[in-house]
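Listed below, chain by chain, are the residues.
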Amino acid sequence: MSQNKTETKRLLKRFFKSPTSFFGFVLLIFFIVVAILAPTICPPKEGADPFKIPMATWSSAPQAPSADHPFGIIGGRDIFYGVVWGTRAAFKIGLTVSLISALIGVIIGAISAYAGGWIDEIMMRVTDIFMSIPFLVAAMIMTTILGKGLGNVMIALIIFGWMRVARLIRGNILQAKTEQYVMAARALGINDGKIIFKHILPNTIFPVVIQITMRIGSLVITAAALSFLGVGAEPGYADWGTILSYSRNWMTELDKSWFAILYPGTAMILFVLAWNLVGDGLRDTFDPKMK
Amino acid sequence: MIWMLGPERLLATYVKSPEALKTEDAAERLIEKYGLDKPVYVQYFRWLGNLLQGDLGYSNIAKTPVTQAILERLPYTIELALYAIIPVIFGGIWLGVLSGVNHNKPLDHGVRVFSLVGWSMPDFVFGLLVLLLFYTILGWFPPGYLSYASEKIMRSPEFTTYTHFATIDALINLRFDIFVDAIRHLVGPILTLAYLWWAYVLRITRSSMLEVLKKDYIRTARAKGLAEKVVINKHAKRNALIPVVTVTGGMIVTLLAGVVIVETVFNRPGLGRFTATAATQLDYFSILGSAIFYSFILVMVNLVVDVSYAIIDPRIRLS
């Protein structure tokens, strides 16, 4: 047990030694704090859906930042409120989609690798079919079929998001199957399910964890891109992509609505950067080749 | 969801002018013709059957068959992708090699920060920032495809269209003003695509370069007194580029899908904007048609990548 502890300590030390992963970690903490404190920073109206940005004015013209609305107003909505609550929306999208799609991927990959034969063949061909449509286009098709709304966006992203994890897990398990500890477990007569979940998965799951962290950023980008194109969250939803999409109405006069690009845009870049840096750091820390 | 509407409502998405419904039984005839009263699966297999004959259905937003709509818009997208892919690949490889060779020196750190930011940058945010700076503030590179004046000349009978690529056609017709105009409209989207993808190509090249530089044959090459330039260019770079080729295939496909966003931001009338508009207008045949088209390209590109592997890496050819 104590050996385990020193190992964790050593890994943590290595993770925080790199200035980039440390910076990423600090950024991430900042976003978590903003997400938790969102109701205190921008209290929603009583009884209203907090994810709906309240109307500040009925005029749709952009209004430059002022004391009351530090990030300005676009489409009648307060950008500061949207950016703060958008942090919550981003965590919701990133974590839900990446975790559920990874879970589906693990299950499919594990069954496929362990069963082998025609089951494996069919499952992998289905995976290929899902992979043959570019992610963004696939997600667009799904959201047009399911309808608008953030929930539907998440479902669309999950449906087309599990394949890479499935392949990764399948490859790792195929490799692990020939390892001695699996053969030993088999010789002891342990059943297949137990071998997969108790012996093989704990030994192969780590690359998946890294994959999940590295994907959260790009998932948030894709969800925002869908909102930006007008097939994602409903207008007025506190989501960075939705605020950015208001700029599409002011394309020829972007200098009058720069704040509607700059503030949600910066929030998004930093959020994605944070996850990418942390994912990168985790990979470097746990990659045996880097030791 | 649209399939759940009744046949009459579905018909309404097909018919745009009241003229078509003038005669008494026109509505019934049209419903009959398109099989709109049939169950969803019958309609689906009908669509599949048509697909095999190259008929992707009728596009509502383009008011032409989907196949024709895609082919008409394709040149705009290919032109953009071709111009973007050149700086992406060469610039990315150049920066990656530079960064790998100068490992852990200030230059390497600079390149890494540059790529990290690009890697985390959403394409539409960067596109909007480019528009804000270069169009609204500086007025250098406008969005769209061509200025109104150039477009008028291109449509006129004196101007012969050869390739449907504005830049090339302008050069063949010796209209340098149109050529410059077309380039000005291309700079914004190319800059956006290039910066985001540099980050990616650069990362792959850099890590593969670092790995190759540790190999024994590099030490041998240096030990026998070869110039550092020869070692890098002839021995290291060639081997380091193998993983880059793998990702290039996927990149071309993602680039073509990425134009959905970039073309929407820059208002370029290509396939990407067509797909985006189809999605917002719920034009199912157009979306499915574009998706099938994208998948087709993906499969073809993967085939080319597999073949080019053998050309680059003799080990694969021999096994």
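Residues numbered from 1 in each chain as written. Chains lettered and ligands numbered in written order. Predicted model: local features only at pLDDT ≥ 70, side-chain atom pairs only at ≥ 80, totals over all residues.

## Section: the overall build of chain B
Quick reminder of the rule: In this text, helices come from DSSP runs of H or I with a minimum length of four residues, and strands from runs of E with a minimum of two, each type numbered from the N-terminal end. Field definition: a residue is buried when 20 or more other C-beta atoms are found within 10 Å of its C-beta, exposed when 12 or fewer are, and partly exposed for counts in between, with C-beta atoms placed from the backbone. Contacts here follow a simple rule: the backbone-placed C-beta atoms of the two residues must lie within 7 Å.
Helix and strand counts for chain B stand at 14 helices and 2 strands. The buried share of chain B, reckoned over its 319 residues, is 36%. In chain B, of all internal contacts separated by at least 6 residues, the share reaching a separation of at least 24 is 69%.

## A few points about the overall build of chain A
In terms of regular secondary structure, chain A is built from 12 helices and 2 strands. In sequence order, chain A lays out its α and β elements as α-α-β-β-α-α-α-α-α-α-α-α-α-α. Expressed along its principal axes, the backbone C-alpha trace of chain A runs to roughly 75 × 45 × 35 Å. Of all 291 residues assigned to chain A, the portion counted as buried reaches 43%. In chain A, the share of contacts with a sequence separation of at least 24, taken over all contacts with a separation of at least 6, comes to 70%.

## Looking at the confidence of the model for chain A
A low pLDDT means the predicted coordinates there should not be read in detail. How we decide: Confidence per residue, as judged by the predictor, is encoded in pLDDT with a range of 0 to 100.
Scored by pLDDT, chain A comes out at a mean of 83, with 97% of its residues at no less than 70. When pLDDT is averaged over each element of chain A, helix α6 (residues 150–159) of chain A comes out on top at 90 and helix α1 (residues 2–17) of chain A at the bottom at 75.

## Here we look at the confidence of the model for chain B
Across chain B, pLDDT averages 76, with 85% of residues at or above 70. With a pTM of 0.81, the predicted complex shows an ipTM of 0.79.

## What to know about α6 of chain A
Buried residues of α6 of chain A: L150, V153, M154, A156, L157 and I158 of chain A, and no others. Buried positions along α6 of chain A lie against α3 (79–115), α5 (135–146) and α10 (206–229) of chain A.

## Some words on unusual backbone geometry
Here the phi dihedral of N267 of chain B falls at roughly 60°; this positive angle occurs in a residue that is not glycine. If you trace the backbone, N267 of chain B turns up in the loop between α11 (228–266) and α12 (271–280).

## Remarks on the nonpolar core
Note the cut-off: For this entry, the nonpolar core is defined as buried Ala, Val, Leu, Ile, Met, Phe, Trp, Tyr and Cys residues connected by C-beta atoms within 7 Å.
Residues I79, V137, L157 and V220 of chain A together with W197 of chain B are the most contacted members of the largest nonpolar core, which totals 156 residues. With sequence-adjacent residues up to four places away left out, V220 of chain A is seen in contact with A90, I93, G94, M268, F271 and V272 of chain A.

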